[in-house]
Structures are given as C-alpha cells and as structure tokens.
Amino acid sequence: MTVSAAAETPTVDVGAARAKVLQRRRRRSSFHAYLFLAPWFLGLILIVGGPMIASLALSFTRYDLLSPPVFVGLDNYIAIFTADPKFVKSVSATTLYTILAVPGILIISLLLALFLNRGMRGTGVYRTLFYIPYLLGGSVAISILWLQVWGQHGMFNQVLSWFGVTGQSWIGSPNTALYTVAILAIWTFGSTMVIFLAGLRQIPQTYYEAAEIDGAGKWQQFWAITFPNLTPIIFFNGLLTLVNALQSFTPAYVISGGTGSPASSLLLYTVYLYQQGFVNFSMGYASAMGWILVLALAVVAGLLFWSSKYWVFYGEDA
Amino acid sequence: MTTPQPGMGQTVEVGVAETKPSRLLPRRASKSRAVQAIARHAVTIAIVIIMLYPVIWMVDNSFKPNAFVGRTLLPLQGPFTLKNYISGLTPRASLNIGVSFLNSFIIGVLSVIGNLFACSLVGYAFGRLEFAGKRILFTILIGMLLLPYQVTIVPQYILFHQLGWLNTYLPLVVPKYLATDAFFVYLMVQFVRGLPRDLDEAARIDGCGDFGVFWRIILPLLSPAIATTATFTFIHAWNDFLGPRLYISDMNKYTVSQALVQFIDSTGQSSVGGLFAMATLSVIPLIGFFLATQRWLTEGIATTGFK
Amino acid sequence: MKRRTLVTTIAFAPLVGALTACGSSTATNPASAPGGSAAPSGDISFAFWGGQQRVERTQAVIDLFHKAFPDVTVTPTATGDFNAYWQQSTVQAAGNNMASVPQMQNRTLADYADRGALAPLDDLVASGAIDVSNIPKSVVASGRGKDGKQYMIPYGAAFASLMVDTTVIGKLGLELPPEGYTWEWLSDWLGQISKKSGAPAINVFGGTSDELEAWARTHGEQLYNDDGTVGVTAGTVAGFWNYMMGLIGSGKSQSAQAGVEQQKLPIEQQPISQGKAPTMFWPANAVATVQSTLDTITPGHEIQVFPMPSESEGVPGNALWLSGLSISKNCNNVPAAAAFINFFLNDKDGALAFQSDNGVTTNTVNLGALLAASTISDAMKKQMNLYKTLSGMNLPPSYYGKAMAQVFQQNLISAFQSVSFAPGTVDSTAAQFIKDAKQATGK
C-alpha cells in the first residue's frame, strides 16, 4: 500500500487509497465478469432473445403459421381466461400432476442419494441401474411399456390378482390415468438423484472428520453438516423439478398420443399449448398460453427465491 | 477412532479414504455385519427389480418376433429370435441405424464440450463475481428457464432458416457454446456458490486474478458438477427428438431418436420388436457414457488442509 | 434500451420478412413455362410419412427415377410418426421451407392449399408434364382446393373397412356380412358372435372419424359440405355415439377403457391380429399386415375385408382417403418436381416396386398390372379388389375443409371419451362438439 507524499494525516490517505483500489477492482471485476459472460450475451442476442420477443409479439396476434400474423390485441388472453374450458382442464390437470410428481421425485431422489452415498459395495452398479429409467423416459417405446404395467392386463393388475384383487385399467380410465403419468415422472427420478449425489460429494470430508472428533453422532452430522450444505442443491432440484413439472410435455404426450386421452385427463398445459399451436393452427393463442405460463412460473420461482433466504445456506457465505 | 454407539448396529470401513465418501462409524461383530450387508443388498435388489420391470420386459420382448410381442407379462416365455437386432443393424437403402448412432454421438460430444465451456464460465461469473447489472441479468437467466420451448420453436426455426443452418447440426450444437442451456448454467451457479471462499482468497493473496481463481481453484472443485453436466448434456442430446425432427431432413444425418420413430408406422407396417431392440441398443452408449463420467463424480473433494 | 431495439430489429426483420413472403408470389411461377424442351435437372426433396417398409419401397421408386432421369437427384425425407409429419410440414411451411414435393392427403389438404403453401398444378397437368389420364377424373378432382385449383395429384387410395376373420366366423356357424349390410344388421351379428364365443366380437375405439364418416354418409350427411363448412349435425353425431356405446355396453365390443388402451397400439398389436377378436374396423390397407401377423401366431385363419355398413340405399358409407403429391410454393425446381410426380404416378415398374404401400394405386393401368403380379400377396389383392368394387359403386364424392385434424381427430376423440365415461351427456356433448367444429372451420 503506497502512502501519498502529500498526505496530511496517514488514516485519511490510507482510506482514500483503499477506496481507489477497491473501485478499480470493482470496475475490473465488472469487466472481467462481462468477459466470462460473453458467450451468454452472444447467445441471448443471437439465438434466444429474438425468438423470445417474437413469441411475445405473436401472443398479441392471430397467426395460423401459413399466413402473416394479424394483430388482435388482448383477444387471445381474454379468450383464454373467459371462454376456454380446456384451458381450465389443463391447468387443473397440470396442478394435480405437479403436486403428485414433485414431492415424489424429490423425496425418492434424496433418500436414494443418501443411501447410495454410504459407500456400500456395488454402489456404482446400483446407481447406474436406478438411472436407466431416466434414459428411457422420453422414448417412443414408453407408451407401450407403460401400458404393459398399468393396462387392464398389465403387470400391476397381475400382482393385485395374487392378492385376490381385480384391478381396472389404470391407464385407460380418466380418473386414474394422470396418476400413472405422475408415477412415470417419479420413475425417471434418476437425474435428480445424480444431482443430489454430486452435491453430497462436494461436501468436504474434513467437516465430517471434525464433527466425528467432536463426538457428533450420525443424525447430528446429517442435520449439522449434510443438510445445510446440501440446501443449494435441494433448492436447485426443487426449483427445477417444479418448473419441469409445470412445463411437462413428453410423458403425457407420448402416453396419450398427443390427445390428452382418456377424456382430456392427460391434457397437461403444454400438451394443450402444443395442440393449439400445431394442430389447431392457432400459434398466436399458443404463444399467449406460453407467456401466461411464464408469468405463473415467475411468481412460483419468485416465491421460492424469496423463501431461500430463510433456509438455503451457501458455502460461499461460510 | 472407533467409538461404538450402543444400539446403532451400523458398520463402517475404518480409515479415511480420499475417494470413498463413507463416514466413520463404529464396527460391530463381523457376523451381524454380513447379515446387515446382505439385508441391505437384498432390499436394494428388490427395489431395482420392481423399478426396472418395464425395462426388463422391453429387453425380453426385443428378442421376440414382432407378432409375439406383448403376449406375455413375465420374461423368458415364448419364441426367441435375434432377427430384430440383426435386421435393425443391417444397413438399409435410406436409413442406416448404425450411422444414426454415429450422428447422435457426434452431436452429443460437441454439445458436451460446448456446455462445459460456456456454462462453467457463465456459472462462475454469476456465482462468484460482482458486476453491474448482476440482479437483472440473473433474472433474465432464470427467465430463460421458464419459457416453454413450444412457443419459440417457430421463430427459432425461421431464424435458423435465415442463417442457412437448416439440415445441419448447427442449430442443435452451436447454442450450447452460447450458454443457452440455462439449466446447466444455473446448476453451475449453485455448485459454485456452495464452495467456501477460503480457497479463493488464499489464491488471490498468492496473486491469482479472476481467471486464475476460476481455472485453478473453482474448476477442479466443480468436478461433480462438471460430470453431471457432461452426462446430462450427452443424454439430452441423444434423446432429443424435437430438435432433430425440425432441423434435420437428410435421412443419413438422422439421429437415433429419429431412427427409432421409423419403427412404428400407424399407416403401414410397424416393427415393435425392432423398436425395442433399437431402444435397448441406444441405451447402452448412454450407460457407457454415464459410467465413464461417474469416475469424476466419485472423486469428490480431496482437500484435507489448504491453509 | 438501445440494445433492446437492436435485438427487436434483428429478431423481427427476418421474421416479418419470412412471414409476409409466404403469400406473395415473388418469382415468376415456373409452372407456367411451356413444356420443357430441356430435360429436367437439379435437386429436389421429397417428404413423406411412413416407417421402414415405406421408406424402402419409396427408395426403390426413387432409384428407378434416377435411372430414367440421371440429371435429377431426389432426396427423400421421411418420418414414421404420422402426426409428426404434419407438425414438421407446418413449421417448414411457416419458414417457407417445405420440401419440393411434399406428400399430402385429401383430408388435410385444405389447411395447406387454402392458405397458400402449395403451388397450383393445373398448368402442369394441362401441358402434360404431369399425366393424369389413367387416374379416374373423380379421384383427380379430390385434389382440388377451395378455389378450384389442383393442388395435389392422388396416387394412393385408402379407405375404411370391416376386417373379418372368416375362419372364426365359419367355426361359429355364422354367415359373413352380405352386400349392402346395414348398421343394424351389424349390431345383431356382433351380438351373435359375442354370445357364441363368450368374448367381445369387435374392438371399437368409438371416437374415430373413420366410422363417424361412414355413419354420416349413410345418414344423408357428410363430415364437410362442398364449401368447406361442417356438414354433420349434432343429432347425427349423437346417434353415432349412442350406437357405439350400445356396442360397448352390451359387451359386443370391449370396454371403453380397453378402447383407450388399444387406440395407441399399432395394428399388429390389436386383438384381431393377435387372434383375440374376429372383427374390427380399420383401414383396408392393413390387411396384409393383419394376415401375416395372424399367420405367425395362429396359422390357418383367413382375413377378409368388407366395405363399411350401408343404410337402406345399399351404398356403403365408405369415402376414399387419398394420399398424393404436391409441389410446395417455395419449390425452386418445378420441372424436376413435376417429372418426379409424373414418374411416381405412372411408371409401371415404379408401381410394382412400391406395391401400393400407401393405399391402392389410383392409376387404373398400374392397378391391373399389380393385380396380375405374383409379387403382390393375396391379402394385398383383397384390398385392391375391394377398391375396385368401391370405385365401381359411384360413391358420392367426399369434401374436406380446414381443421380436419383438430376437429375430427383430436376433438372427436376426447369428446367421445368423455361421453363414454359419462353416458348421460351424449346430446349436450354432441351439440358442443358441433359448435366448436363450426368455430374451428370458420376461421
């Protein structure tokens, strides 16, 4: 630290010099940060930004994809909220699906990640085996596979029959079909589990060793070390699982053949959006639906972020 | 080091292994330890079998002639044939499944490199650096996660058409290098924020700049996140059917996901057995890739003293 | 602020440019050029739907075309998923990038032709560049758009049928459907079958437009009127649903839930192909597949195809679903595209190689050649003979307007399903369905 020759009292000079250094560092830091962000800026401008704005603009038009769009103001939005029973149906189906799928996925993933993190023999093999359903999750084959489990003559009913219970067609009945799709979402928990595992691996061993030396037991170690350090990942998985569930398209689409069958019970929000855009040639309407979803998700995400102040602990704050 | 806790009955490997994450727990008599281990394995195997039943059924039916697919619930019944695999892998006039595997692999690897490069840089910036406008930009990043892709498909298609990128892999791969996969950017952000700042500061005192900290400290510590990003990016790219469907029209550029769709034809003849065989084969490279990157995942943090 | 304006400009300029260019004719339409003296040359792309077998047979035709026209290269692009094909086509059309020769179908033609995505073919037909002399005039006429111009030339005719496992029916001691059988006769006959066999006789999904179309046509109506408006009434739809639910409720057909399950399965997995039910409504062009699947599982069963039921006049409710070839508006090599279409429609060796894989060939000369060929299976020939019978019956022409996929596939399915699980709502649901249909087609 250099001391200015024209200093009157040492303390003022040191303060001023330090302030100058910090200001320079902050500006340099901003500039450096922008360098790191350069790829993202490029992506925003060139690839993402344009289509995002275009889709927002399209939501105020009537656009059948093959003729130029026609401006209609808020008509789409009004129609969505006042004149569309299928919209209501899709919102309720998606909400129910989310309530079923998200906790299921998070709990199973976390439990199995903790279980597999113990280092028992064969962990790697088990981890891979648990991951396989995720690899198949979006495949065209799933529609037939899921029928084999949940259909009238499927495996689930076969197992029930061993207990003397006659089952119905779970996947063919409007009351129960959505549950089978939620179970499909939970079945493909593998990716969430792997992220939890990565998070568990990142917790420094030294913390556990220190706690052990202090005489802390397993439960104490979990709540004092594991859980707090895992909260960023729990938050990440929670947010993303929630967002994915509300946006869920492929499972319901593949299982219902894109129709939301039976009786629109599988007509999730984005499936209906897709129908409006690509089957009904109403891309303006579909875009409006898309942006309504963005708003809803923004509210949900905003609430989650606000709550994170209270329960998420970041290692950087350590 | 071994403090038996009454009533716990847990067992553990004694000693600190850098690569194994197991915690230190008291050791009990080896007989009940064996029983414990067997019980734990038995339960796990039972869960695995129940969970993998659909997969087992699919693999089993991939060895059946098409006419016999779907007639049994339990495996190893009925006629057996390798025809689905042989026929699927035989190069045909317009659609070569083997080539589609190669295509998917190329797209996958290019995507992985792109995502690792871009998302780690951007994730570090958001996770560690301070800069003007950080709040707004972060909101935009999260906003990218929230918009459903169905509404941007058509404008993006038109954009790529204007750029002349249609019928190439560019629309699928280039965005990865520009951090458009907000999911992985945010993943990196969260992992970076989970790291304590002590090492950063130590490095800075030693004279490292922002990039030095990134390259020498953060990146090595991020290996679980990197392994995760690599795995998922590859799998997403492999399984993605929407992007290739829109942007790839040359049949010898088709990806595995596009090739699989060719097995079910509602207007003609389908080959469900063939579909199952190819789906089984297509999962194998994914498992392989997963296993390969898992070694990074298990390395974990080998820091036992950094001051 | 500045950056956002820049972004907006970058984003919008090409978007607006692309969107408005769709309808306008920018270059002079090469289709009006006089019949080319120079041989066609260059590249064209051909988009169609179909699985592996379709792709192979199409490639065989393309190879023959390449031999005949060595200066032209045809690049095929196919997808096995019928619905995905239309999504692709729509997005491509939105980007002014449809294939040079996109395959079309008369049922969905209106959505593309009426919106200007396809090029009129009248001049090419008139000049003889595309020879349609061997295709029945009524068939060619169904490729016209609302404005009367020719947008598609049909090459393959598909149609609904009642497939019957005649061996099983014979074993039960029952007769086969006579000529001109009615819906009522069918219901009684199915009742006899299910009573004697103790199992459902047919598996109807109930919600498909195939059967509704036949029902409407035998009740004096059609799905669409000739001006593209909805032609079927709520009363007719309700009557149809009540009939279907009668079959389901009385056990002549399988349950509504089973119908939901089976609707997703390919024909090889349906009960009739697996020997589990002796009858089924399904397009006739699957008869070869059904027969070969049955031959593998339980040899010795013969499948026969019958027309759809008639009402009292004796004319069956069948309509022809015609797949054909078009030229997209953005095609920049019309002479080559026309040459390819002409070849596909008329070349005899091509027809023999294609084996009527996508509906019976509409070219009467080639149809004769196929019927005489030994490479065509007996089952296939049954379908072709049924086509000949139907074409000889002077079926009333069928019209299709816009939003076929939305109204008569997507909406119809969910409407019937909601009714089949809540039987008291037939009339109100039918009324709502027609109301929505009118709104969709009026756009």
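Numbers given to residues run from 1 along each chain, matching the order in which its sequence is written. Starting at A for chains and at 1 for ligands, labels are handed out in the order in which the entities are written. Under the rules for a predicted model, residues below a pLDDT of 70 receive no local features and side-chain atom pairs below 80 are neither given nor counted, while totals for whole chains, interfaces and linings still include all residues.

Undergrad: It is not clear to me how the overall build of chain A should be interpreted in this structure. Could you clarify?
TA: Counting its secondary structure elements, chain A contains 13 helices and two strands. Relative to the globule expectation of 20 Å for 318 residues, the C-alpha radius of gyration of chain A, 26 Å, shows a markedly less compact shape. Each principal axis of the C-alpha distribution contributes one length, and for chain A these read about 90 × 65 × 30 Å. Burial analysis of chain A (318 residues in total) assigns 52% to the buried set. Long-range contacts, defined as pairs at least 24 residues apart, comprise 67% of the intrachain contacts of chain A with a sequence gap of at least 6. Helix and strand assignments come from DSSP, with helices taken as H or I runs of at least 4 residues and strands as E runs of at least 2, each series counted from the N terminus. Our radius of gyration is a C-alpha quantity, and the globule rule it is checked against amounts to 2.2 Å times the number of residues to the power 0.38. The burial label depends on the number of other C-beta atoms within 10 Å of a residue's C-beta. Counts of 20 or more mean buried, 12 or fewer mean exposed, and intermediate counts mean partly exposed, with C-beta atoms placed from the backbone. Our contact criterion uses C-beta atoms placed from the backbone: two residues qualify when those atoms are within 7 Å.

Undergrad: What's the story with the interface of chain C and chain B in this structure? I'm lost.
TA: How big an interface is tends to be reported as the loss of accessible area on association of its parts. Counting from both sides, the interface comprises 36 residues of chain C and, opposite them, 35 residues of chain B. Mapped onto the side of chain C that touches chain B, the elements with two or more residues apiece are helix 1 (2-21), strand 1 (42-49), helix 2 (52-68), strand 2 (72-79), helix 3 (82-94) and helix 12 (287-297) of chain C. The greatest single-element share of the side of chain C that touches chain B, amounting to six residues, is contributed by helix 2 of chain C. Residue classes follow a fixed rule: Ala, Val, Leu, Ile, Met, Phe, Trp, Tyr, Cys and Pro count as nonpolar, while Asp, Glu, Lys and Arg count as charged, and any other residue, Gly among them, counts as polar. In terms of residue class, the side of chain C that touches chain B is built from 13 nonpolar, 18 polar and five charged.

Undergrad: I would appreciate a short explanation of the sheet that holds strand 4 (residues 153-158) of chain C in the present structure.
TA: Consider a sheet: its strands pair through backbone hydrogen bonds, and that pairing is either parallel or antiparallel. Residues and elements named next belong to chain C. Within the open sheet, the six strands sit side by side as 2-1-3-8-4-9. Their pairing is mixed. Each end of this open sheet is capped by a strand with a single partner; those strands are strand 2 and strand 9 (360-361). Think of it this way: DSSP has to see at least two bridges between two strands before they count as a pair. Note: strand 1 against strand 3 (residues 101-105), two bridges, orientation parallel. Across the sheet, residue F46 finds its bridge partner in strand 3, namely V101.

Undergrad: Hey, could you run me through the domain arrangement of chain C in this one?
TA: Residues and elements named next belong to chain C. For the domains described, the bounds stem from an automatic or database domain assignment. When the domains of chain C are assigned, the result is domain 1 (41-154 + 323-385) and domain 2 (160-319 + 403-441). Here domain 1 and domain 2 have C-alpha centroids that lie 29 Å from each other. Taken residue by residue, the interface counts 12 residues in domain 1 and 12 residues in domain 2. Mapped onto the side of domain 1 that touches domain 2, the elements with two or more residues apiece are helix 4 (109-113) and helix 16 (378-391). Residue contributions to the side of domain 1 that touches domain 2 peak at four residues, all from helix 16. Within the side of domain 1 that touches domain 2, the residues separate by chemical class into four nonpolar, four polar and four charged.

Undergrad: Sorry if this is basic, but what is going on with the environment of F222 of chain A here?
TA: Residue and element names in this part refer to chain A. By secondary structure assignment, the location of F222 is in helix 10 (residues 218-246). Of the residues examined, F222 has 15 C-beta atoms within 10 Å and is grouped as partly exposed. Put simply, F222 and P68 are 154 residues apart on the chain and 60 Å apart in space, counted from C-alpha to C-alpha.

Undergrad: Would you mind going over the interface of chain B and chain A with me for this structure?
TA: Contacts between the two partners involve 83 residues from chain B and, on the opposite side, 86 residues from chain A. The residue makeup of the side of chain B that touches chain A, split by class, is 61 nonpolar, 15 polar and seven charged.

Undergrad: So what exactly am I meant to see when it comes to the confidence of the model for chain C here?
TA: A low pLDDT score tells you not to read the predicted coordinates there in detail. Residue and element names in this part refer to chain C. Predictor confidence is given residue by residue as pLDDT, running from a minimum of 0 to a maximum of 100. Taken as a whole, chain C shows an average pLDDT of 88; of its residues, 91% reach a score of 70 or greater. Predicted confidence is poor over residues 1-36, with pLDDT under 50, and the contacts of this stretch with residues over four places away or in other chains come to 44 contacts. Interface confidence for the predicted complex, given as ipTM, is 0.85, next to a pTM of 0.86.

Undergrad: Sorry if this is basic, but what is going on with the pairing of strand 4 of chain C here?
TA: All names here are of chain C. With six of six residues buried, strand 4 is to be regarded as a mostly interior element. Taken together, the five bridges between strand 4 and strand 8 (residues 321-325) define a ladder with antiparallel strand orientation. Directly across from P154, in strand 8, lies its bridge partner G324. Of the strand pairs in this sheet, strand 4 and strand 9 are connected by two bridges, and their pairing is antiparallel. What sits directly across from A157, in strand 9, is V360.

Undergrad: Sorry if this is basic, but what is going on with the sheet that holds strand 5 (residues 160-165) of chain C here?
TA: Residues and elements named next belong to chain C. An order of 6-5-7 is seen for the three strands of this open sheet, with the pairing classed as antiparallel. Each edge of the open sheet carries a strand with a single partner, namely strand 6 (279-283) and strand 7 (303-306). When the angles between neighbouring strand axes are averaged without regard to direction, this sheet yields 35°. Inspection of the sheet shows strand 5 paired to strand 7 by four bridges, in the antiparallel sense. Paired with D165 across the strands is I303, a residue of strand 7. Of the strands in this sheet, strand 5 and strand 7 are in contact with helix 16, which crosses strand 7 at around 15°. The axes are straight lines fitted to the C-alpha atoms, using for helices just the contacting stretch, and the angles between their N-to-C directions are given from 0 to 180°.

Undergrad: Looking at this model, I keep getting lost on the domain arrangement of chain A. Mind explaining?
TA: Split by domain assignment, chain A resolves into domain 1 (10-58) and domain 2 (75-317). Inter-centroid distance (C-alpha atoms) of domain 1 of chain A to domain 2 of chain A is 35 Å.

Undergrad: Explanation requested: the packing of helix 2 (residues 75-82) of chain A against helix 13 (residues 283-311) of chain A in the structure shown.
TA: When two helices pack together, their arrangement is given by the angle between the helix axes and the distance between those axes. Residue and element names in this part refer to chain A. Where helix 2 meets helix 13, the axes come as close as 9 Å, and the angle between the chain directions of the two elements is 70°. In terms of their interaxial angle, helix 2 and helix 13 are classed as roughly perpendicular. On helix 13, the residues that touch N76, Y77 and I80 of helix 2 are G284, Y285, A288, M289 and I292. Here the residues of the contact of helix 2 with helix 13 sort into six nonpolar, two polar and no charged. Put simply, angles under 35 degrees are roughly parallel, angles over 145 are roughly antiparallel, angles from 65 to 115 are roughly perpendicular, and the rest are oblique.

Undergrad: How do you make sense of the confidence of the model for chain A when you look at a structure like this?
TA: Here chain A averages 87 in pLDDT, while 94% of its residues score no lower than 70. Low pLDDT (under 50) marks residues 1-8 of chain A, which in the prediction has seven contacts with non-local residues, meaning those over four places away or in another chain.

Undergrad: Just to check I follow, could you spell out the nonpolar core for this structure?
TA: We call a set of buried Ala, Val, Leu, Ile, Met, Phe, Trp, Tyr and Cys residues a nonpolar core when their C-beta atoms link them within 7 Å. Counting residues in each nonpolar core, the largest one holds 312 residues, and the members touching the most others are V181 of chain A, V122 and V185 of chain B together with M163, A337, F340 and I341 of chain C. Tallying contributions element by element places helix 3 (residues 97-128) of chain B first for this core, with 12 residues. Contacts of V185 of chain B, omitting those with residues within four sequence positions, involve C119, V122, G123, L141 and A179 of chain B.

Undergrad: What am I meant to see in the packing of helix 3 (residues 85-116) of chain A against helix 7 (residues 177-187) of chain A here?
TA: Residues and elements named next belong to chain A. Between helix 3 and helix 7, the shortest axis-to-axis distance is 8 Å and the interhelical angle comes to 35°. Two packed elements cross with a definite hand, and for helix 3 against helix 7 that hand is right-handed. Seen from helix 3, the contacting residues are A93, L96, Y97, L100, A101, G104, I105 and I108; seen from helix 7, they are L178, Y179, V181, A182, A185 and I186. Handedness of each helix crossing follows the sense of rotation of the near helix against the far helix: counterclockwise by less than a right angle gives left-handed, clockwise gives right-handed.

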